[in-house]
Amino acid sequence: MAVPGQGFEPATGDGPAPPDAGRAAELRTAYEGMLQIRRLVNGPAGEAVPAPWEVRRPARAVALALEASGITPSAADAEGRPTRTGYRVAAGPEPGRVEVTWAGPRGGGAAEEEQERLTACASVLERLGWVCLLYRGPRRRRFLEVEPPR
């Protein structure tokens, strides 16, 4: 959703579901803009690696890539409780890293599908030059750690 002064904000899965009205066109424009920036600033590497702005704002770039690929973002109510199953993007434990989890409402089956869905997320991100590692964290829940190539 476009926020005055900020432009398009990709869905991270933390807040309410983004409105559908006009979002597909905004998303397509933002994603194509990201690829164009890559072609302009990355030289011969072109679209194959993240651009410098993506490396500085990895959560935004990762969320944009996942949403543009058609993977559904999670959504949460005002108290932060998940209301829809999907990816959730958050800052990682170290600067420049991002964690992607598969979240959903209690009893909604997110835990059972997380390995398959996170593997699909990793596939999208790796095609765009991100390095992804799948881990098992607290309560045996899986998550992706995502970082730019070195």
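Everything that follows concerns the structure shown earlier in this document.
Just so we're clear, the structure is a prediction, and the values are computed from it rather than from any experiment.

What counts and how
- Residues numbered from 1 in each chain as written.
- Predicted model: local features only at pLDDT ≥ 70, side-chain atom pairs only at ≥ 80, totals over all residues.
- Heavy atoms only, no water.
- Helix = DSSP H or I, 4+ residues; strand = E, 2+ residues; numbered from the N terminus.
- Buried < 20%, exposed > 50% of the residue type's maximum accessible area, 1.4 Å probe, protein only.
- Contact = heavy atoms within 4.5 Å.
- Patch = residues over 30% accessible without salt bridge, like charges linked within 9 Å, V, L, I, M, F, W, Y side chains within 5 Å.
- Areas by Shrake-Rupley, 256 points an atom, 1.4 Å probe, with all protein chains shown as cover.
- Salt bridge = Lys/Arg side-chain N within 4 Å of Asp/Glu carboxyl O.
- Pairing = 2+ DSSP bridges.
- Axes fitted to C-alpha atoms, helices over the stretch in contact; angles between N-to-C directions.
- Parallel < 35°, antiparallel > 145°, perpendicular 65-115°, else oblique.
- Left-handed = near helix turned anticlockwise from the far one by under 90°.
- Nonpolar A, V, L, I, M, F, W, Y, C, P; charged D, E, K, R; others polar.

A few points about the side chain of Glu 67
Then step 1. Structurally, the position occupied by Glu 67 is in helix 3 (residues 58–68).
Then step 2. Among the residues examined, Glu 67 registers a relative accessible area of 9% and is labelled buried.
Then step 3. Dropping the residues within four chain positions of it, Glu 67 is found in contact with Phe 8, Pro 10, Ala 11, Pro 18, Arg 23, Leu 27 and Tyr 87.

Some details on a nonpolar patch on the surface
Then step 1. A cluster of nonpolar side chains, namely Ile 37, Leu 40 and Val 41, defines an oily patch on the protein surface of about 280 Å² accessible area.
Then step 2. Position of Leu 40 among the secondary structure elements: in helix 1 (residues 23–41).

Things to note about the pairing of strand 5 (residues 86–91)
Then step 1. In terms of strand pairing, strand 5 meets strand 6 (residues 98–103) through 6 bridges, oriented antiparallel. The residue of strand 6 that forms the bridge with Tyr 87 is Trp 102.
Then step 2. Taken together, strand 5 and the strand that follows it, strand 6, pair antiparallel across an intervening segment of 6 residues, in which Gly 96 is found at a positive phi of about 85 degrees.

Looking at the sheet that holds strand 7 (residues 131–136)
Then step 1. On the basis of which strands lie adjacent, the open sheet formed by 4 strands has the order 5-6-8-7 and antiparallel pairing. The open sheet terminates on both sides in strands that have one partner only, identified here as strand 5 and strand 7. Direction aside, the axes of adjacent strands within the sheet are offset by 25 degrees on average.
Then step 2. Note: strand 6 against strand 8 (residues 142–147), 3 bridges, orientation antiparallel. Following the sheet pairing, Val 100 is matched in strand 8 by Leu 144.
Then step 3. Contacts from helix 3 reach strand 5, strand 6 and strand 8 within the one sheet, and its direction differs from that of strand 5 by about 165 degrees.
Then step 4. Contacts between helix 4 (residues 110–127) and the sheet are confined to strand 5, strand 6, strand 7 and strand 8, with strand 6 contributing the most and set at about 140 degrees to the helix.

Quick notes on the environment of Leu 144
Then step 1. Assignment of secondary structure puts Leu 144 in strand 8.
Then step 2. For Leu 144, a relative accessible area of 2% gives the class buried.
Then step 3. For the pair formed by Leu 144 and Thr 101, sequence separation is 43 residues and the distance between their alpha carbons is 6.5 Å.
Then step 4. Not counting chain neighbours up to four residues away, the residues in contact with Leu 144 comprise Val 98, Glu 99, Val 100, Leu 118, Cys 121, Ala 122, Cys 132, Leu 133 and Leu 134.

Topic: the packing of helix 1 against helix 3
Then step 1. At a minimum axis separation of 10 Å, helix 1 and helix 3 run at an interaxial angle of 125 degrees. Classified by the interaxial angle, the pair formed by helix 1 and helix 3 is oblique. Judged by the sense of rotation from one axis to the other, the crossing of helix 1 with helix 3 is left-handed. Here Arg 23, Leu 27, Ala 30, Tyr 31 and Met 34 of helix 1 come into contact with helix 3, specifically with Leu 64, Ala 65, Glu 67 and Ala 68.
Then step 2. Of the residues belonging to the contact of helix 1 with helix 3, the class tally is 7 nonpolar, no polar and 2 charged.

Quick word on the environment of Gly 13
Then step 1. For Gly 13, the position within the fold is in the loop between strand 2 (7–8) and helix 1.
Then step 2. Accessibility expressed as a relative area gives 7% for Gly 13, which makes it buried.
Then step 3. On a C-alpha basis, the gap between Gly 13 and Pro 73 in space is 4.8 Å, while along the polypeptide they are 60 residues apart.
Then step 4. Not counting the four nearest positions on each side in its chain, Gly 13 is found in contact with Pro 73, Ser 74, Ala 75, Tyr 87 and Arg 88.

Digging into unusual backbone geometry
Then step 1. Unusually for a residue other than glycine, Arg 139 sits at a positive phi of about 55 degrees.
Then step 2. Its identity as a non-glycine residue notwithstanding, Arg 140 has a phi of 65 degrees, on the positive side.
Then step 3. Residue placement: Arg 140 occurs in the loop between strand 7 and strand 8.
Then step 4. Take Arg 140: its relative accessible area is 57%, and that puts it in the exposed class.

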